[in-house]
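# Notes for the structure review
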Amino acid sequence: MPSLALSDHKHKKEDKKMKNKLALKNPETDKKVKKLKDPKVKEDENDLEVKKSKKKRKASELQLEEDERSETSSEIVEPVDVKVKVKVKVTEKKKKKNKEKLEKDDKDEGKTEDPNLISRFRISEAVRKKLKSKGIESLFPIQALTFDVILDGTDLVGRARTGQGKTLAFVLPILESLTNGTVKASRKNVYGRAPSVLVLLPTRELAKQVFEDFEVYGEVVGLTSCCLYGGAPYHTQEMKMKKGVDIVIGTPGRIKDHIERGNIHLGSLKFRVLDEADEMLRMGFVDDVELILGKVKDASKVQTLLFSATLPDWVKGIAARFLKTSKKTVDLVGKEKMKASTSVKHIVLPCSKSARSQLIPDIIRCYSSSGRTIIFTETKDSASELAGLLPGSRALHGDIQQAQREVTLNGFRSGKFMTLVATNVAARGLDINDVQLIIQCEPPRDVEAYIHRSGRTGRAGNTGVAVMLYDPKRSSISKIERESGVKFEHISAPQPVDVAKSAGVEAAKIIAEVSDSVIPAFKSIAQELLETSGLSAEDLLAKALAKAAGYSEIKSRSLLTSMENHVTLLLEAGKPIYTLS
Ligand SMILES: Nc1ncnc2c1ncn2[C@@H]1O[C@H](COP(=O)(O)OP(=O)(O)OP(=O)(O)O)[C@@H](O)[C@H]1O
């Protein structure tokens, strides 16, 4: 039957894909990923490089010694074979060549030293130590390229893809500038001091994250920070401002309120930073941002920095109006077609709305590498609904109380649960360790959202997978593909039998870890089962593995809509078939 033959063909394709997927879990790949993640491994790798080049050098030295020996001994040793003949015939020319090679190796050794090592920048010892304790040995490109520009007092527009370290790109030079740089002399360290730095961010979660970086690195150089955002009581925030603080980080609405209530004075301001400015525009903070920026009386005394992963017109306009004409732009994306993260594997998969909750657990099984997953929905209701349907997941969106949002995010960060279902509140800037998989339930309305959502994985040099579901009857992915520059990999839904196979591998591992002490208690019932079931020990064990992996039966699934219990048939006819449409 042609349809069957074709459906088998599909299965083969799926098998191949599944092998690729499983390759993600293979220890070799794991080792590679670990290498990328683990700074110690990086260090070991550097050591290895140094050792390799030393070995190379040693080999050349030995060769040189040997050449010399050969030459001197050429008179007394009878050539034994061709190889030795070649050696004894070594000439001055070869010796010179080896020496030159040694010199070149020496030079290359110098070259392998990382030009972005933190020791090469004007970063104070205390901050350097702190960075090292966090596994940071060298600066990322956006940080290395902007560090001196900022520290030397120039306004800056910085742009890099998601997860490339834009936060430390402004945190580090600002801290240095306040403690050792140009603004050190004019900064007062007294009770009730007005802030020297004001950082504006679009969401509360993001503000908190940036605040934590300022806290960690600022603390070691004696600088204090506070975070001001809506949904939290005014009183505690006011108290902090009264005591005096060096760095204020917050969302535009709450910052504006504090300025209007007279809690924040901008007279001592040395830096203002706009992070994720494009999102502030999208979230309707245009007036608040412009009002806050306009409150600074003498803008010539303030350095303004603007960081973003995308630069729409409003952001360019803000840069033109509020940054000095001497400003510099460091744009690591530029006119490159690919705007999204290049360390992410971008995949699309056809799926009807009703099949989502059945399909998503399988996508997680296949692609999350047992790490964290963030699922994005378009509406708050669908985030709550989906979180209710997926065991072990929690929802995060704007209708959830701030205190609960923080509990949820902390739980996700600390690994209490591994799947977060969120709206765009989690799309921007959030940096959560070990997010391996992003699932977007449908194509977002604008390309920026796609870039930022998929950028929650594949951060800081790690790899990740972003899967976007789409209903072929309702939505199109071509606009996102065109505007983001992403070349999507098209796949069909993982077939339950394939997912079961990878679940079986996990279950087998779990069973192998069970202590032998359980055997006596279960042995007699196992023997009885073997005798009465009429199955071989192998088949019976397969059933036990299936149950341990959560399977009682295996259903089929449509390749077109991902609906369970649907089979996709591909019909072949000997001549063209015309439809009415
Ligand atoms: N030099 C560095 N070496 C190693 N890790 C770093 C370095 N700089 C930053 N990181 C880590 O990289 C991750 C991403 O950084 P960050 O959140 O600043 O990226 P981003 O460019 O602002 O991303 P997004 O556009 O999504 O907001 C963080 O976990 C951060 O700690």
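As a starting point, this report considers the structure included with it. (Residues numbered from 1 in each chain as written. Predicted model: local features only at pLDDT ≥ 70, side-chain atom pairs only at ≥ 80, totals over all residues. Heavy atoms only, no water.)

### Quick look at the overall build of the protein chain
- In terms of helices and strands, the protein chain carries 22 helices and 14 strands.
- By the burial criterion, 45% of the 581 residues in the protein chain qualify as buried.
- In the protein chain, 75% of the contacts between residues at least 6 apart in sequence involve partners at least 24 apart. (Helix = DSSP H or I, 4+ residues; strand = E, 2+ residues; numbered from the N terminus. Buried < 20%, exposed > 50% of the residue type's maximum accessible area, 1.4 Å probe, protein only. Contact = heavy atoms within 4.5 Å.)

### Regarding the site of the ligand
- Close contacts around the ligand come from 19 residues, with Gln143, Lys166, Asp431, Arg456 and Arg459 the closest.
- One of the backbone N or O atoms of Gly165 is found 3.1 Å from an oxygen atom in the ligand.
- Contacts to the ligand include Glu276, whose side-chain N or O atom sits 3.0 Å from an oxygen atom.
- For the ligand, whose unbound accessible area comes to 640 Å², protein coverage reaches 86%.
- In terms of residues, the shell around the ligand owes the most to one element, helix H8 (residues 166-179), which gives three residues.
- Here the shell around the ligand is built from residues that sort into five nonpolar, eight polar and six charged. (Near = heavy atom within 4 Å. Polar contact = N/O pair within 3.5 Å; in protein donor to acceptor, adjacent residues only side chain to side chain. Areas by Shrake-Rupley, 256 points an atom, 1.4 Å probe, with all protein chains shown as cover. Nonpolar A, V, L, I, M, F, W, Y, C, P; charged D, E, K, R; others polar.)

### Here's the deal with the sheet that holds strand E6 (residues 303-308)
- Pairing is parallel in the open sheet, where seven strands are placed in the order E3-E4-E2-E5-E6-E1-E7. Of all the strands in the sheet, just strand E3 (225-228) and strand E7 (328-331) have a single pairing partner and so form its edges. Adjacent strand axes in the sheet meet at a mean angle of 15 degrees when their direction is disregarded.
- Judged from the four bridges that link them, strand E2 (residues 197-200) and strand E5 (residues 271-275) form a sheet pairing that is parallel. Bridge pairing links Leu200 to Leu274 in E5.
- Contacts between helix H9 (residues 204-219) and the sheet are confined to E2, E3, strand E4 (247-250) and E5, with E3 contributing the most and set at about 175 degrees to the helix. (Pairing = 2+ DSSP bridges. Axes fitted to C-alpha atoms, helices over the stretch in contact; angles between N-to-C directions.)

### Describing the nonpolar core
- Judged by nonpolar contacts, the single largest core of 44 residues is most densely connected at Ile123, Phe170, Ile174, Val199, Phe214, Ile249 and Leu305.
- Ranked by the residues each element gives to this core, the list is headed by H8, at eight residues.
- In this view, Leu305 contacts Ile150, Thr154, Leu156, Phe170, Ile174, Phe271, Arg272, Val273 and Leu274; residues no more than four positions away in its chain are not counted.
- With 32 residues, the next largest nonpolar core counts Cys351, Cys366, Val465 and Leu469 among its residues. (Core = buried A, V, L, I, M, F, W, Y, C linked by side-chain atoms within 4.5 Å.)

### Comments concerning the sheet that holds strand E12 (residues 435-440)
- An order of E10-E11-E9-E12-E13-E8-E14 is seen for the seven strands of this open sheet, with the pairing classed as parallel. Two strands lie at the open edges of the sheet, namely strand E10 (393-396) and strand E14 (489-490), each paired on one side alone.
- Pairing between strand E8 (residues 344-350) and E14: two bridges, direction parallel. Directly across from Val348, in E14, lies its bridge partner His490.
- On the sheet, helix H16 (residues 380-389) packs against strand E9 (372-376), E10 and strand E11 (419-422) and is oriented at approximately 170 degrees with respect to E10.

### Here we look at a nonpolar patch on the surface
- A contiguous nonpolar surface patch, about 440 Å² in accessible area, is contributed by Val514, Val518, Ile519, Phe522 and Ile525.
- Take Ile525: it is sitting in helix H21 (residues 519-533). (Patch = residues over 30% accessible without salt bridge, like charges linked within 9 Å, V, L, I, M, F, W, Y side chains within 5 Å. Salt bridge = Lys/Arg side-chain N within 4 Å of Asp/Glu carboxyl O.)

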